[in-house]
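A structural walkthrough
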Amino acid sequence: MTDTKTLKGGEFLIRETAAQDIFIPEEFNEEQRMMAQSCKEFTENVVNPQMDQLEKHDRELLSKLLKEAGELGLLGISLPEEYDGFGQNFVTAMLTTEEMGKGYSFAVAFSAHTGIGTLPILYYGTEEQKKKYLPKLATGEYIGAYCLTEAEAGSDPNSGKAEAVLSEDGKYYNLNGVKIWTTNGGVADIFIVFAKVKGDKNLSTFIIEKTWDGVKLGVDEEKMGIKGSTTIQFYMDDVKVPVENLLGDQNGGFKIALNILNLGRIKLSGATTGASKATIDNALNYANERKQFGKLISSFGAIQHKLSEMAIRTFACESLTYRASQNIDDAIESYVAGGMDKGKANLKGIYQYAIEASIAKVYGSEVLDFVVDEGVQIYGGMGYSAETPVERAYRDSRINRIFEGTNEINRMVTVGELLKRGFKGELDLMTPAKAVAKELMGIPDFGAPSLGYFEAKKKVITNFKKAILMTAGAALQKFMEKFADEQEIIMNLSDMLILTYAAESMMLRVEKLSGMYDEEKLSLYKDMLDIFFYDTAPKIHKFGLDAINSFAEGDELMGMTMGMKRFTKVAAVNVVAARRKIAVKLIEDNKYDL
Ligand SMILES: Cc1cc2nc3c(=O)[nH]c(=O)nc-3n(C[C@H](O)[C@H](O)[C@H](O)COP(=O)(O)OP(=O)(O)OC[C@H]3O[C@@H](n4cnc5c(N)ncnc54)[C@H](O)[C@@H]3O)c2cc1C
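All of these numbers come straight from a predicted model, not from anything done at the bench. (Residues numbered from 1 in each chain as written. Predicted model: local features only at pLDDT ≥ 70, side-chain atom pairs only at ≥ 80, totals over all residues.)

**Re the overall build of the chain**
- Assigned secondary structure in the chain consists of 19 helices and 10 strands.
- In summary, the chain has a C-alpha radius of gyration of 24 Å against a globular reference of 25 Å for 594 residues, a match within 12%.
- Reported as C-alpha extents along the three principal axes, the dimensions of the chain are approximately 80 × 60 × 40 Å. (Helix = DSSP H or I, 4+ residues; strand = E, 2+ residues; numbered from the N terminus. Rg over C-alpha atoms; globule rule 2.2 N^0.38 Å.)

Shown next, in the form of structure tokens:
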């Protein structure tokens, strides 16, 4: 990347970002807002009123809705114009994903189609494949699905048994096998299927059409949630796939699977941001109507605490999602400027931010789970009734921690990728890690200079990063090449990393807002930031202690314990007053409007 201001993926751990270099949602332009409005109107007026019927496995209705989305142009937002799309950038695609995320299980069908069902062809297809399939996928004439998972191959997809055998005349591959958990399977026309060519070590990818001999579709799975999206088993019994339908290189499918997952991961945090906002809106509407003890429940402190906390975490999630999305756009642009083909640049740009994508996936899915849980609680008994939208939101949320790589796998990706890039010399983790170790040996600097508001916050973030570097550096020294076996420590480090990225993204957004809002308006955002930092520091402290207590002892442990305390110090905050202020704004607006 040519732009030195843009940090490389993972580099946030060792370098500072300037607020003016990040994108914040307040900067969307008119065109982007109009696209978001179209998505909003479609989910609110067309999709959501039919959700009960959609949840009865009505495949015809799901097909019809996807096609209607196609007619409105919503399926082709990120596809190039030459394939009947709109050629929009990543940030815009993310905004539309966020809005569609308010459409419950339809959002899953939409995301599977526009993401994993379509993009492998855009990024890896030959010109013929792109011309043949993309315009139909952009308009909804064809619906796409993605078949990677098998009964014995979930988190470890390269271990699948589906097999392809090249015919003697070299004209087609003969495919056999069973894929499970195929989202959109019941309505799809084309399937992106992963299978190993006999004798190969890695997967290959094939585009298979529903109408071909030997393709059989299973019935819809009965699921806990997202019942409006069809999920089936996909059977292949001697399916003859013309060699023209091999996608990318033979033996090169694992790379495709991983790269497409990176994309799905960050998109998921956009969708969960939208779903979180929708749930907050519903909870606010209910709390502003429901009376107990002669008062609206929204006037109770316990409920206000929940509402403000739901909003703060959603705001943090939104901040990190768009920060990373703009990084991806900038990287793509800079690769293209360097002469790279657009498709390759897209893939490289997304891979560059694989760490941030996994962070966003984990954070977004866990924020939404928190938000829907509190949403049900605010509704009380009615939250348990299938008549209310929070009951559906609660059921639908849970899958997000499982697909697109489970949150455990994604946590491992965050730390694993960082270390990989460190070892490869792409990120200099050693110098700052050594500096922290040296700082620990020195005398702490207690002379607290009076810092401005954002300077003080930046110091806290720098300290959080020191806590991570100290823990990771010592753990690596202790376990060396066996570090990968220490999953509990990796989970701790990942949680520290995720919280730090969220806190920093939120801080940079509020700092940027300080140039746009007057002090009175800004004070609410500062309150949110204060609370977030106040809540985050003890969490980082706990994760750090869990890690160091498991491998260090004696003087080393004592030194690191003191360091951990020092690196996770934050200012005291009157969180009750601050949360009440935020709740009052939410209650007055009767919607999430932050
Ligand atoms: C509703 C739904 C829709 C889906 N849609 C699709 C789709 O469209 N296409 C598709 O291909 N797949 C799809 N999937 C599959 C999904 O991606 C997998 O379920 C997921 O990747 C996890 O695989 P698994 O279910 O086999 O769990 P497993 O891999 O068996 O994992 C079980 C548990 O073990 C943990 N675990 C596994 N490996 C490790 C490890 N190395 N270290 C530590 N912990 C580990 C996991 O985190 C998890 O907690 C869908 C799944 C569902 C439920």
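Text resumes after the structure shown.
**What about unusual backbone geometry?**
- Although it is not a glycine, His57 adopts a positive phi angle of roughly 60°.
- Along the chain, His57 falls in the loop between helix H2 (51-54) and helix H3 (59-71).
- Residue classification places His57 among the partly exposed residues on the basis of 17 C-beta atoms within 10 Å.
- Phi is positive for Asp84, which is not a glycine, with a value near 70°.
- As for its placement among the helices and strands, Asp84 is situated in the loop between H3 and helix H4 (90-100). (Buried ≥ 20, exposed ≤ 12 C-beta atoms within 10 Å, placed from the backbone.)

**A closer look at helix H10 (residues 342-352)**
- Turning to H10, its buried residues number three or more, namely Asn346, Leu347, Gly349, Ile350 and Gln352.
- Residues of H10 that are buried sit in contact with helix H6 (119-124), helix H8 (253-287) and helix H9 (301-337). (Contact = placed C-beta atoms within 7 Å.)

**Some points on H4**
- For H4, the buried fraction is high: 11 of the 11 residues fall into the buried class.
- Contacts made by the buried residues of H4 are with helix H1 (30-47), helix H5 (104-114), H8 and H9.

**Notes on the site of the ligand**
- Taken together, the neighbourhood of the ligand is formed by 21 residues, with Leu148, Gly154, Ser155, Thr183 and Thr406 sitting nearest.
- Of all elements in the fold, only strand E1 (144-147), strand E3 (172-183) and helix H13 (407-423) reach the threshold of two or more residues within the shell around the ligand.
- Here the shell around the ligand takes three residues from E3, the largest share from any one element.
- Along the lines of polarity and charge, the residues of the shell around the ligand split into 10 nonpolar, nine polar and two charged. (Near = placed C-beta within 6 Å. Nonpolar A, V, L, I, M, F, W, Y, C, P; charged D, E, K, R; others polar.)

**Here we look at the packing of H13 against helix H16 (residues 487-513)**
- One way to put it is that H13 packs onto H16 with a least axis distance of 9 Å and a crossing angle of 80°. Considering the angle they form, H13 stands roughly perpendicular to H16. Of the residues in H16, those in contact with Arg411, Met412, Thr414 and Val415 of H13 are Ile490, Met491, Leu493, Ser494, Leu497 and Ile498.
- When its residues are assigned to classes, the contact of H13 with H16 shows seven nonpolar, two polar and one charged. (Axes fitted to C-alpha atoms, helices over the stretch in contact; angles between N-to-C directions. Parallel < 35°, antiparallel > 145°, perpendicular 65-115°, else oblique.)

**Quick word on the environment of Val510**
- Here Val510 is to be found in helix H16.
- Note: C-alpha distance between Val510 and Met528 (18 residues apart in sequence) is 9.3 Å.
- Beyond its immediate stretch of four places on either side in the chain, Val510 contacts Tyr525, Lys526 and Leu529.

**Describing the pairing of strand E4 (residues 190-197)**
- Of all eight residues making up E4, eight are buried, and the element is well covered by its neighbours.
- Sheet topology note: the E1/E4 ladder contains four bridges and is parallel. Opposite Ala145, over in E4, you have Phe191 as the bridge partner.
- As judged from the seven bridges shared by E4 and strand E5 (residues 203-209), these two strands associate in the antiparallel manner. When the bridges of E5 are listed, Ile192 appears paired with Ile207.
- Linking E4 back to E5 in an antiparallel pair, the connection comprises five residues, with Gly199 at a positive phi of about 95°. (Pairing = 2+ DSSP bridges.)

**Section: the domain arrangement of the chain**
- On domain assignment, one finds that the chain holds domain 1 (144-253) and domain 2 (429-589).
- In this structure, domain 1 and domain 2 have C-alpha centres spaced 44 Å apart. (Domains from an automatic or database assignment.)

**Observations concerning the environment of Thr118**
- Within the fold, Thr118 resides in the loop between H5 and H6.
- Taking the C-beta count within 10 Å as the criterion, Thr118 has 29 such neighbours and is therefore assigned buried.
- Taking the C-alpha atoms as reference points, Thr118 and Tyr142, separated by 24 residues in sequence, lie 9.9 Å from one another.

**Some thoughts on the packing of H1 against H4**
- With their axes 8 Å apart at the nearest point, H1 and H4 run at an angle of 25° to one another. When the axis of H1 is compared with that of H4, the two are roughly parallel. Of the two elements, H1 crosses H4, and the hand of that crossing is right-handed. Contacts between H1 and H4 pair Gln32, Met35, Ala36, Cys39, Lys40 and Thr43 from the former with Thr92, Leu95, Thr96, Glu99 and Met100 from the latter. (Left-handed = near helix turned anticlockwise from the far one by under 90°.)

**Quick notes on the environment of Phe370**
- Note on placement: Phe370 falls in helix H11 (residues 354-379).
- Residues Phe370 and Arg313, 57 residues apart in the sequence, show an inter-C-alpha distance of 9.0 Å.

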